[in-house]
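Structure assessment
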Amino acid sequence: MTGETPAPAKRMAPPAPGIPAPRPAGRDALSLLGPGHDPGTYRPALLAMLEARSVALVGASSRPGSLGERMVAEVSRSPAAPRIYPVNPRYRQIAGLTCHPSLADLPETVDLVLFGVPDSALAEQLSLAARRGDRSAVIFGGAYEIPDAAPDTAGLRARLASTASAAGMALCGAGCMGFVNVAYGLRAVGYVEPDPLPAGPVALITHSGSVFSALLRSRRELGYTLVVSSGQELVTPAAAYARYALSLPQTRVLGLVLEAIRDPALLQQVLAAASAADIPVVLLTAGSSAAGRAMVAAHSGALAGQDASWEALAGAYGVHRVSDFAEMADTLELFAIGRRPAAAAGTATATPATGTATPAPATGTATPAAATGIATVHDSGLERAHTADLAHELGVPFAAISDATRKRLTAVLDPGLEAANPLDMWGGSRDAEHQLTESLAALADDPAVAAVALAVDLLTEFDGDRSYSLAASAAARRTAKPLVVLASIAAAVDPAEATWLRRAGIPVLESTRSGLLALRHLLDHAARPARTDAPRIDAARRDHWARVLAQGEPDGTTLFGLLQAYGIRATRACPAGTAGGALAAAAEIGYPVVLKTAEPGIAHKSDAGGVVLGIGDPAALAAAYAGLASRLGPRVLVCETAGPGTELALGITRDPDLGPLVVLGAGGLLVEFLADRAVALPPVDAPQALRMLGRLRVAGLLAGVRGQPPADTAAVAGAVVAVSAIARELGDELEALDINPLICGPAGAVAVDALAVRR
């Protein structure tokens, strides 16, 4: 996973030593999107930044430990050897380089300017760079706006963004650590980072400077093509750096640590390109997303929550979301090693990428499509049980191994040990290394096994025994499948053994939970469905209902007509404005009926006491109508009573960045209490709708409980697909749409109530 830092290079250098190129020469991830792919507005200046041939260092210094001194030292270590121009009126020379009083005194315009100056000087200095035609800049300072203490900082960030944008400059920061382009050989940082930089297949883009340094300095042997601390992204968004990273044929894994979505269209291009090229994207998010501003007049907006946009993006493009840094580090390491389970039939094409650090398999074959789960080998019965418990909790499947594999295991295990998966192989034998090797190899050869883990603590062995590491290495040479060491306690892992294993191409996952989650991401990547073409827009249907919605807020009968036009069953409903009209409607529909207020402005009828259920005869209807009319007004809907079933909520909420999102969750009264939902970016097809349904806690109710028949889940999926079509065709007209409840039973899925909020 690591290698030597590349030698000085020209623009778009060939793969650096230690950075394998799994794709054909000249082929990058973006090219897989086809000739119509937009190269984007950020690219020319960004290329000048990330592959700078000339760099100015404003605020350069010779004072030990200062930001200015570190800038000079770090850029000077760049293997690409750019022309370096220190700028500071206090010095004539720094580190053997001529120091210039001002940017105005430089002999040429430069590709990149690093600003190590106080916030109060930023606006003036950036303006000077823009006037000179300098092409890009990094702002390390936070650009804090504190006009009471520093009058020059009022509106500072907006001024900086305006200056750079008007000049067509790429701008990293403010409040960032800069970047290192390992593939090209450029260090644009103001803090001391490893030298040489670890080269490998991972590109990392992070809003956090701390994460930038933590992962660069990690003992895990992770190697990189590009690492960017993008900070506040006043001009250049994370997606632009990620797109550049995908243009490098050496990039095989993309890590993103983000707080917000900026330039959502470009981000979706990048994620689509990564998916098409089979490049795993590992995403950690923090803070409130833009979806928190979604419309909440409908339940769908509140139900979606602040995480909706990230969930929708991840689901649409097969992104691997991680919940913390331990899971991220384990997942990056596992993907970086290059070995993958084979994709099952009907999933996205996945060509396993092999890196130079991975030992070439001597025997064995790639994982067949029948692989269903992992296999683990343990030296502790309790840890074996603990791993099984955690795997069940986290949804990580163990493979059901064959009888032939059990016979192979029995032949090498000590008497009394069960040949099973997970496997406890420890019997105190002096031949443990051989038993470990053969156990791992036997499990790896089983067609049902996608990946194998040696689940041991990897402690420092005071007697010098190296059986675990040697067995893992020997077994890894006999298979092309992923083989890892799964440790229990990170602090107990022997650093020297972990380094040896990693350099042999064997990931060391540093805790049971994060390691199992990483393995789940590996399995999910192999099983991810291929993206299908979006269904065709029905222009006539769209135009008709757009005209209807343009006439005003739709009433209940209009909304039911809209749902039925898109193929969603709805209960019969008749409007009425008098007691006689309500009685006539009930006679037509048939008792029992439901009476609902239809007065405008009452979004949630149940909350207002505007729904009366189970009305069995005319006298009860007359009494119910009189009560509703006196409290809420005369306009009502008389509705057919739906059959029994599980209540779901289904609808659309509008994200300010991504547009309409489809939301599915627990319905009825549970919508307020469970916060049980799944969110997707349209278009949503039937298999994706079923996966959304499977993520809900209430999904178990649809299978039938306590003797109840199971619900028609295909009909539920059909309703989700139909709402996706509404989102695509009428998303510009709707701020939100609610179907709550959607009653799901053995006879299908029926919409009982609906609400729409126009844009």
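Scroll up for the structure.
Residues numbered from 1 in each chain as written. Predicted model: local features only at pLDDT ≥ 70, side-chain atom pairs only at ≥ 80, totals over all residues. Heavy atoms only, no water.

Residues Asp431, Glu433, Glu461, Asp463 and Asp465 make up a contiguous surface patch of negative charge. Relative to the elements of secondary structure, Glu433 occurs in helix α13 (residues 432-445). (Patch = residues over 30% accessible without salt bridge, like charges linked within 9 Å, V, L, I, M, F, W, Y side chains within 5 Å. Areas by Shrake-Rupley, 256 points an atom, 1.4 Å probe, with all protein chains shown as cover. Salt bridge = Lys/Arg side-chain N within 4 Å of Asp/Glu carboxyl O. Lys, Arg positive; Asp, Glu negative; His and termini not counted. Charge placed at Lys NZ, Arg CZ, Asp CG, Glu CD. Helix = DSSP H or I, 4+ residues; strand = E, 2+ residues; numbered from the N terminus.)

What follows covers the side chain of Gln688. With respect to the helices, strands and loops of the structure, Gln688 is situated in helix α21 (residues 686-694). Judged by its relative accessible area of 13%, Gln688 falls in the buried class. (Buried < 20%, exposed > 50% of the residue type's maximum accessible area, 1.4 Å probe, protein only.)

Attention now goes to the layout of surface pockets. Looking at the largest pocket, its volume works out to about 1300 Å³. Lining of the largest pocket is provided by 49 residues; of these, Ala314, Gly315, Ala316, Arg691 and Arg695 occupy positions nearest its centre. Going through the elements one at a time, α7 (264-276), α9 (308-317), β14 (320-321), α16 (512-527), β26 (677-680), α21 and α23 (713-730) are the ones with two or more residues in the lining of the largest pocket. Class assignment of the residues belonging to the lining of the largest pocket gives a composition of 23 nonpolar, nine polar and 17 charged. (1 Å grid on protein atoms, 1.4 Å probe; cavity = no way out; pocket = protein on both sides within 12 Å on 5 of 7 lines; lining within 4 Å. Points joined across faces, edges and corners; volume = space filled by probe spheres on them. Nonpolar A, V, L, I, M, F, W, Y, C, P; charged D, E, K, R; others polar.)

For the structure shown, the criterion picks out zero aromatic pairs. Residue placement shows Arg466 over the ring face of Trp500; its charged tip is 4.5 Å from the ring centre. (Phe/Tyr/Trp six-rings, centres within 6.5 Å; stacked < 30°, edge-to-face > 60°. Lys NZ or Arg CZ within 6 Å of the ring centre and 35° of its normal.)

The strands making up a sheet are joined through hydrogen bonds of the backbone, oriented either antiparallel or parallel. With parallel pairing, five strands are arranged side by side in an open sheet as β2-β1-β5-β6-β7. The sheet is open, and its two edges are formed by β2 (83-87) and β7 (170-173), each paired on a single side. On average, each strand axis in the sheet is inclined to that of its neighbour by 15°, with strand direction left out of account. Bridge count between strand β6 (residues 136-139) and β7: four bridges; the pairing is parallel. Paired with Val138 across the two strands is Cys172, which belongs to β7. In the packing of helix α3 (residues 119-132) onto the sheet, contacts are made with β1 (54-58), β5 (112-115) and β6, and the angle to β5 comes to roughly 170°. (Pairing = 2+ DSSP bridges. Axes fitted to C-alpha atoms, helices over the stretch in contact; angles between N-to-C directions. Contact = heavy atoms within 4.5 Å.)

What follows covers helix α14 (residues 467-476). In an α-helix there are 3.6 residues to a turn, and that puts residues three or four apart on one side. With respect to burial, α14 is a largely interior element, nine of its ten residues being buried. Every buried residue of α14 is accounted for by Ser467, Tyr468, Ser469, Ala471, Ala472, Ser473, Ala474, Ala475 and Ala476.

Turning next to the pattern of salt bridges. Under the definition given, this model contains 33 salt bridges. Residue Asp134 pairs with Arg132 through a salt bridge whose shortest N-O separation is 2.9 Å. Comparing Asp134 with Arg132, the two get one shared label, buried. One salt bridge connects Arg635 with Glu599, and the closest N-O pair in it is separated by 3.5 Å. Highlighted residues: Arg635 in the loop between α20 (618-631) and β23 (636-640) and Glu599 in the loop between β21 (593-597) and β22 (611-615), separated in sequence by 36 residues.

A word on unusual backbone geometry. Note the cis peptide between Asn421 and Pro422, where omega equals 5°. With respect to the helices, strands and loops of the structure, Pro422 is situated in the loop between α12 (403-412) and β16 (423-424). Here the bond from Tyr591 into Pro592 is cis, since omega is 0°, no more than 30 degrees from zero. Mapping Pro592 onto the fold places it in the loop between α19 (579-589) and β21. Phi angles above zero are rare outside glycine, and Asp263 is one such case at about 55°.

To continue, consider α21. Buried within α21 we find Gln688, Ala689, Met692 and Leu693. Buried positions in α21, seen along its axis, are confined to an arc of 145° and lie on one side of it. In this structure, the buried side of α21 is in contact with α9, β24 (646-655), β25 (659-666), β26, α22 (699-702) and α23. The distance from a side-chain oxygen at the start of α21 to the backbone nitrogen of Gln688 is 2.9 Å, and the residue carrying that oxygen is Asp685. (Arc of directions from axis to C-beta. Polar contact = N/O pair within 3.5 Å; in protein donor to acceptor, adjacent residues only side chain to side chain.)

This next bit is on the packing of helix α11 (residues 381-394) against α16. It is the contact of α11 with α16, at a shortest axis distance of 10 Å, that shows an interaxial angle of 50°. Comparing the axis directions of α11 and α16 gives the class oblique. In this structure, the crossing between α11 and α16 has a hand that is right-handed. Along its contact with α11, which presents His386, Thr387, Leu390, Ala391, Glu393 and Leu394, the element α16 presents Thr512, Arg513, Leu516, Leu517 and Arg520. Here the residues of the contact of α11 with α16 sort into five nonpolar, three polar and three charged. (Parallel < 35°, antiparallel > 145°, perpendicular 65-115°, else oblique. Left-handed = near helix turned anticlockwise from the far one by under 90°.)

The next subject is the packing of helix α17 (residues 539-550) against helix α18 (residues 556-565). At a minimum axis separation of 12 Å, α17 and α18 run at an interaxial angle of 170°. In terms of axis orientation, α17 runs roughly antiparallel to α18. On the side of α17, the interface is formed by Arg541, Trp545 and Val548, while α18 contributes Thr558, Gly561, Leu562 and Ala565. Along the lines of polarity and charge, the residues of the contact of α17 with α18 split into four nonpolar, two polar and one charged.

Right, let's talk about the sheet that holds β22 for a bit. Strand order in this open sheet of four strands is β20-β23-β21-β22, and the pairing throughout is antiparallel. Of all strands in the sheet, those with a lone pairing partner are β20 (573-576) and β22, marking the two edges. Each strand of the sheet is rotated relative to its neighbour by a mean of 20°, with strand direction disregarded. Sheet analysis places β21 next to β23, joined by five bridges and oriented antiparallel. Bridge pairing in β23 links Lys596 to Leu637. Sitting on the sheet, α19 is in contact with β20, β21 and β23, with an inclination near 15° to β23.

With that out of the way, let us pick up the state of the cysteines. One pass over the full model with this rule turns up zero disulfides. Free of any disulfide, Cys176 has its nearest cysteine sulfur in Cys172, 3.8 Å distant. (Disulfide = S-S within 2.5 Å.)

Attention now goes to the environment of Leu483. With respect to the secondary-structure elements, Leu483 resides in strand β18 (residues 483-486). Residue classification places Leu483 among the buried positions, given a relative accessible area of 3%. Residues Leu483 and Arg339 lie 144 residues apart in sequence; the distance between their C-alpha atoms is 8.4 Å. Once you skip the residues sitting within four places of it in the chain, Leu483 turns out to touch Leu440, Val452, Ala472, Ala475, Ala476, Ile506 and Pro507.

Counting through the fold element by element, Tyr42 comes out in the segment before α1 (43-50). For Tyr42, a relative accessible area of 21% gives the class partly exposed. Linking Tyr42 and Val235, residues 193 residues apart in sequence, is a C-alpha distance of 9.3 Å.

The buried fraction of β23 amounts to four of the five residues, a majority that puts the element mostly inside the structure. Judged from the four bridges that link them, β20 and β23 form a sheet pairing that is antiparallel. Residue pairing across strands places Pro575 opposite Leu637, the latter belonging to β23.

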